[in-house]
Amino acid sequence: MLELLTNIDSNILLFIQEHIRTPLLTPAVTLVTSLGNAGLIWIAASLLLLLSKKTRLYGYMGIAALLASLLVNNIFLKNIVKRLRPYDAIHGLVPLVQKPVDFSFPSGHTGSSFAAACVFYRQLPKKAGIPAVILAAAIGLSRLYVGVHYPTDVLAGMLTGIAASYMGEWAVNKLRQKLPFLR
């Protein structure tokens, strides 16, 4: 079963490389993927929310969700699963960005993107939340296009990111009774 899943993952990435990558699309997709580097766009968005008393709580929730995603994905799961990057395992797959140095499963870019975006979707007006989720999905899909993650890495990153968003909200709600600055 695992071999079948790996074959499907590999065939999808080779299909993307051979039939979807274009010189016109590549600059835009590499820009989108770079927005997820180190979760910086989501950290910046969360910090911006901290500036207003009206949205401060949601900024803390975003930061907490990002921390949960970091712990679950980058510190725990990547080092337990130790999945090689697809360009190291699939003959002929060429990455379009600098090769990441950590393991592949799950996608940290996707996890952090969905962690923050789902908090924003649930807590902010939909005119802010919907674009956040669209950007999170675009960042996740971009990881396939640039050849640095398998589809199952991105799917797992999305699921762990959604879970991390709930963990972040829960943690902040628990702490806000005890810490006045969270109110």
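For the structure itself, consult the block above.
Remember, predicted model here, so these are calculated numbers, not experimental data. (Residues numbered from 1 in each chain as written. Predicted model: local features only at pLDDT ≥ 70, side-chain atom pairs only at ≥ 80, totals over all residues. Heavy atoms only, no water.)

Novice: Run through the overall build of the chain, naming residues and quoting values.
Specialist: For the chain, the helix and strand inventory stands at eight helices and zero strands. Moving toward the C terminus, one meets the helices and strands of the chain in the order α-α-α-α-α-α-α-α. Counting only C-alpha atoms, the chain reaches 55 × 35 × 25 Å along its principal axes. Across the 183 residues of the chain, 43% fall into the buried class. Sequence separation of at least 24 residues holds for 79% of the intrachain contacts in the chain that already meet a minimum separation of 6. Positive and negative side-chain charges of the chain, numbering 17 and 7 respectively, have mean locations separated by a distance of 21 Å. (Helix = DSSP H or I, 4+ residues; strand = E, 2+ residues; numbered from the N terminus. Buried < 20%, exposed > 50% of the residue type's maximum accessible area, 1.4 Å probe, protein only. Contact = heavy atoms within 4.5 Å. Lys, Arg positive; Asp, Glu negative; His and termini not counted. Charge placed at Lys NZ, Arg CZ, Asp CG, Glu CD.)

Novice: I'd like a rundown of a nonpolar patch on the surface, residues and numbers included.
Specialist: The grouping of M1, L4, I8 and I12 at the surface amounts to a nonpolar patch, some 440 Å² of accessible area in total. Along the chain, the position of I8 falls in helix α1 (residues 2–20). Assessed through its relative accessible area of 42%, I8 is described here as partly exposed. (Patch = residues over 30% accessible without salt bridge, like charges linked within 9 Å, V, L, I, M, F, W, Y side chains within 5 Å. Areas by Shrake-Rupley, 256 points an atom, 1.4 Å probe, with all protein chains shown as cover. Salt bridge = Lys/Arg side-chain N within 4 Å of Asp/Glu carboxyl O.)

Novice: Lay out the side chain of S112 in plain terms, naming residues and giving numbers.
Specialist: Locating S112 in the fold gives a position in helix α6 (residues 108–123). Classification of S112 by relative accessible area gives buried; the value is 9%. For S112, the contacting residues outside a window of four places in its chain are G39, W42, L66 and S69.

Novice: Which residues make up helix α3 (residues 40–50), and what values do they have?
Specialist: Within α3, burial applies to W42, S46, L49 and L50. The arc that holds the buried residues of α3, viewed along the axis, is 110°, so those residues lie on one side. For α3, the exposed residues set more than 90 degrees away from the buried face come down to L40 and L48. Where the residues of α3 are buried, they touch α4 (56–81), α6 and α7 (126–145). (Arc of directions from axis to C-beta.)

Novice: Describe the packing of aromatic side chains, naming the residues involved and giving the relevant values.
Specialist: If you walk through the whole model with that rule in mind, you get one aromatic pair. Where W42 meets F120, the ring centres are 6.4 Å apart and the plane angle is 40°; that geometry is what we call tilted. Of this pair, W42 sits in helix α3 while F120 sits in helix α6, and the two are 78 residues apart along the sequence. On the basis of relative accessibility, which here comes to 3%, the residue W42 falls in the buried class. A residue is classified by how much of its surface remains accessible, and F120, at 4% relative accessible area, is buried. (Phe/Tyr/Trp six-rings, centres within 6.5 Å; stacked < 30°, edge-to-face > 60°.)

What is shown is where atoms sit, not what they do.
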